[in-house]
Amino acid sequence: MSKKTKILLGVTGGIAAYKAAEITRLLIKKGYLVKVIMTRTAEDFITPLTFETLTNEGVYQYNTVIKDKPMLHIDLARWADLILIAPTTAEFLSKIMHGRAEDLLTTTCLAFDKKIVLAPSMNKNMWANKATQENYKALKRRGLIFSGPDFGSQACGDIGTGRMKEPEDIIEDIKSLTKKKLKLFENKKIVITAGPTQEFIDPVRYLSNRSSGMMGCEIANAFYDHGAKVILVKGPCSYKEKDEIDSIEVKSAQDMLLSVENNMSNCDIFVSVAAVSDFIVKDLSKEKIKSESISNLELEKNTDILKTISQKYNIFSIGFAAETSELKSNAIKKLKEKKVSVIAANKVSFSEGIDNENNAITLYWGNGLEKNLGLKNKKDLAIEFVEEISNIYN
Ligand SMILES: Cc1cc2nc3c(=O)[nH]c(=O)nc-3n(C[C@H](O)[C@H](O)[C@H](O)COP(=O)(O)O)c2cc1C
């Protein structure tokens, strides 16, 4: 199997279509494998023969049907690592925005679940038009990547924003998007807990908290992306980790501890992100407690998963500490008392930290070392967290 990155180049019907030949040549020169799909209109501007000559293989036309390959759009979507559409016409932006599947290129894009890069090319007024701008913004929100357009002189004689980025600059964007990332935790086994726990009061009621599981799942995703073998032990929450991650669903802290311990063999790092309920009821009622008979619930301290694991196993452990006040002193106290390697402390209130897309954490470790990772979206924060942990761990 070739290790080369596979690029599917879509060419649409704009005046810059001739520059797609140079893009093809440069991609091949840089070591990419390239296949080309052209729209019907693109063929009015440049012939398939140009691309066939450059790629040394057949070009896929808007209506290409290959005998024995009735699902060509699916095969092409599976083959490619990235789709680049250069040039991208205003018409094509609108089509992809609306999820059209009217020819081979639109259908392949719809069947493709990896990165799509668009290099728009059109007259400045077409680009500035509200319809195009709305399509552009919506596609960006959807995660499509834009390379350009540039400001400059245009084929029609206008000067403004809308011309396609130069082929060399588009290739630079493709290079940085396809650069193989450094895997910081290759072959490390990491056990992570996430979400809340539920502690029964009686057969129908429980004690729990507002944890959404997002921080723990995103940390699991970020470690996974860095090559780690991740085991995620997750309390009841709706947030989903990547499908490829092994996850175990649990309810109570007792179950969570059991699952963590079952996975401790050859574990390198334990990360306790779960919001484990601090209390359980002293006497679990086997019968539903009658509403008239509830007066006082007697609580006692729950199992401390982080403390148990970090004291029993000789591994690098990281604990999350959600605090409503005295963040630093409470974090340092936990670091010492529980004998953990790093405490990640975050402030929580009714509007911060928990059940919220953003979070701000500060890491405390060693003898008075600390690093503030700032307020960020939990996904970005998880990526930075994992990079910072690799500095402390190594
Ligand atoms: C001479 C000529 C040049 C054109 N140049 C552009 C262009 O640069 N950008 C663009 O968005 N549309 C341009 N168009 C309009 C597109 O060709 C038209 O919207 C077409 O339907 C695009 O189809 P496609 O996106 O499926 O390839 C041009 C049309 C003509 C006749």
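The rules behind these values
Residues numbered from 1 in each chain as written. Predicted model: local features only at pLDDT ≥ 70, side-chain atom pairs only at ≥ 80, totals over all residues. Heavy atoms only, no water. Pairing = 2+ DSSP bridges. Helix = DSSP H or I, 4+ residues; strand = E, 2+ residues; numbered from the N terminus. Axes fitted to C-alpha atoms, helices over the stretch in contact; angles between N-to-C directions. Domains from an automatic or database assignment. Buried < 20%, exposed > 50% of the residue type's maximum accessible area, 1.4 Å probe, protein only. Arc of directions from axis to C-beta. Contact = heavy atoms within 4.5 Å. Polar contact = N/O pair within 3.5 Å; in protein donor to acceptor, adjacent residues only side chain to side chain. Phe/Tyr/Trp six-rings, centres within 6.5 Å; stacked < 30°, edge-to-face > 60°. Lys NZ or Arg CZ within 6 Å of the ring centre and 35° of its normal. Near = heavy atom within 4 Å. Areas by Shrake-Rupley, 256 points an atom, 1.4 Å probe, with all protein chains shown as cover. Nonpolar A, V, L, I, M, F, W, Y, C, P; charged D, E, K, R; others polar. Salt bridge = Lys/Arg side-chain N within 4 Å of Asp/Glu carboxyl O.

Caption draft 1: Examining the sheet that holds strand 11 (residues 229–234) more closely. Strands sit in the order 12-11-8-13-16-17-18-19 across an open sheet of eight strands; the sheet is mixed. The open sheet has two edge strands, strand 12 (246–249) and strand 19 (369–377), and neither has a second partner. On average, adjacent strands in this sheet sit at an angle of 15 degrees to one another, irrespective of strand direction. Here four bridges tie strand 13 (residues 269–272) to strand 16 (residues 316–323), and the two strands are oriented parallel to one another. Counted as the bridge partner of Ile-269 is Phe-316 from strand 16.

Caption draft 2: Region of the structure containing the domain arrangement of the chain. Domain boundaries assigned for the chain yield domain 1 (6–178) and domain 2 (189–277 + 300–393). For domain 1 and domain 2, the distance between their C-alpha centres works out to 42 Å.

Caption draft 3: Molecular detail of unusual backbone geometry. The omega torsion across Ala-86 and Pro-87 is 0 degrees, close enough to zero to call that bond cis. Summarising the element assignment, Pro-87 is placed in strand 3 (residues 82–88). Residue Pro-149 is bonded to the preceding Gly-148 through a cis peptide linkage, with omega at 10 degrees. Here Pro-149 is to be found in the loop between strand 5 (145–146) and strand 6 (150–153). Of note in the backbone geometry, Asn-266 takes a positive phi value of approximately 60 degrees without being a glycine. Tracing the backbone shows Asn-266 in the loop between helix 11 (253–262) and strand 13. Of the residues examined, Asn-266 reaches a relative accessible area of 68% and is grouped as exposed.

Caption draft 4: Geometry of helix 12 (residues 305–312). Those residues of helix 12 not exposed but buried are Ile-305, Leu-306, Ile-309 and Ser-310. The buried residues of helix 12 occupy one face: seen down the axis, they fall within an arc of 110 degrees. Packed against the buried residues of helix 12 are helix 11, strand 13, strand 16 and strand 17 (342–347). Measuring from the side-chain oxygen of the N-cap residue of helix 12 to the backbone nitrogen of Leu-306 gives 3.4 Å; that N-cap residue is Asp-304.

Caption draft 5: The arrangement of the environment of Glu-287 in detail. For Glu-287, the position within the fold is in the loop between strand 14 (279–281) and strand 15 (299–301). In this structure the C-alpha to C-alpha distance between Glu-287 and Asp-202, which are 85 residues apart in sequence, comes to 6.2 Å. Residues in contact with Glu-287, not counting those within four places in the same chain, are Asp-202 and Pro-203.

Caption draft 6: Fine view of the packing of aromatic side chains. Within the structure shown, the criterion is met by six aromatic pairs. Relative to Phe-223, the ring of Phe-185 lies with its centre 4.9 Å away and its plane at 75 degrees, an arrangement referred to as edge-to-face. Of this pair, Phe-185 sits in the loop between helix 9 (167–178) and strand 8 (189–194) while Phe-223 sits in helix 10 (residues 214–225), and the two are 38 residues apart along the sequence. Residue classification places Phe-185 among the buried positions, given a relative accessible area of 1%. An aromatic cluster is built from Phe-185, Phe-223, Phe-316 and Tyr-393, whose rings are joined through pairwise contacts. For Lys-35, the ring lying beneath its charged end belongs to Trp-79, and the centroid distance is 4.8 Å.

Caption draft 7: Fine view of the site of the ligand. With respect to spatial proximity, 15 residues lie near the ligand, and among them Gly-13, Thr-39, Thr-89, Ala-90 and Ser-121 are the closest. Here Ile-15 contributes a backbone N or O atom positioned 3.2 Å from an oxygen atom of the ligand. A distance of 2.6 Å separates an oxygen atom of the ligand from a polar side-chain atom of Thr-89. The fraction of the free accessible surface of the ligand (640 Å²) that becomes covered by protein chains is 65%. For the shell around the ligand, the residue count by class is six nonpolar, seven polar and two charged.

Caption draft 8: Molecular detail of the pattern of salt bridges. The full count for this structure, using the stated rule, is 22 salt bridges. Across the pair Glu-22 and Arg-25 runs a salt bridge, and its minimum N-O distance is 3.0 Å. Taken together, the residues span about one helical turn, with Glu-22 and Arg-25 both in helix 1 (residues 19–29) at a distance of three residues. The exposure class assigned to Glu-22 is partly exposed, which follows from its relative accessible area of 26%. The partly exposed category is assigned to Arg-25, whose relative accessible area is 38%. For Glu-57, the salt bridge is made with Lys-35, and the minimal N-O distance between the two is 3.3 Å. Of this pair, Glu-57 sits in the loop between helix 3 (48–55) and helix 4 (72–79) while Lys-35 sits in strand 2 (residues 33–38), and the two are 22 residues apart along the sequence. Members of the salt-bridge network, linked through shared partners, are Glu-91, Lys-95, Arg-100 and Glu-102.

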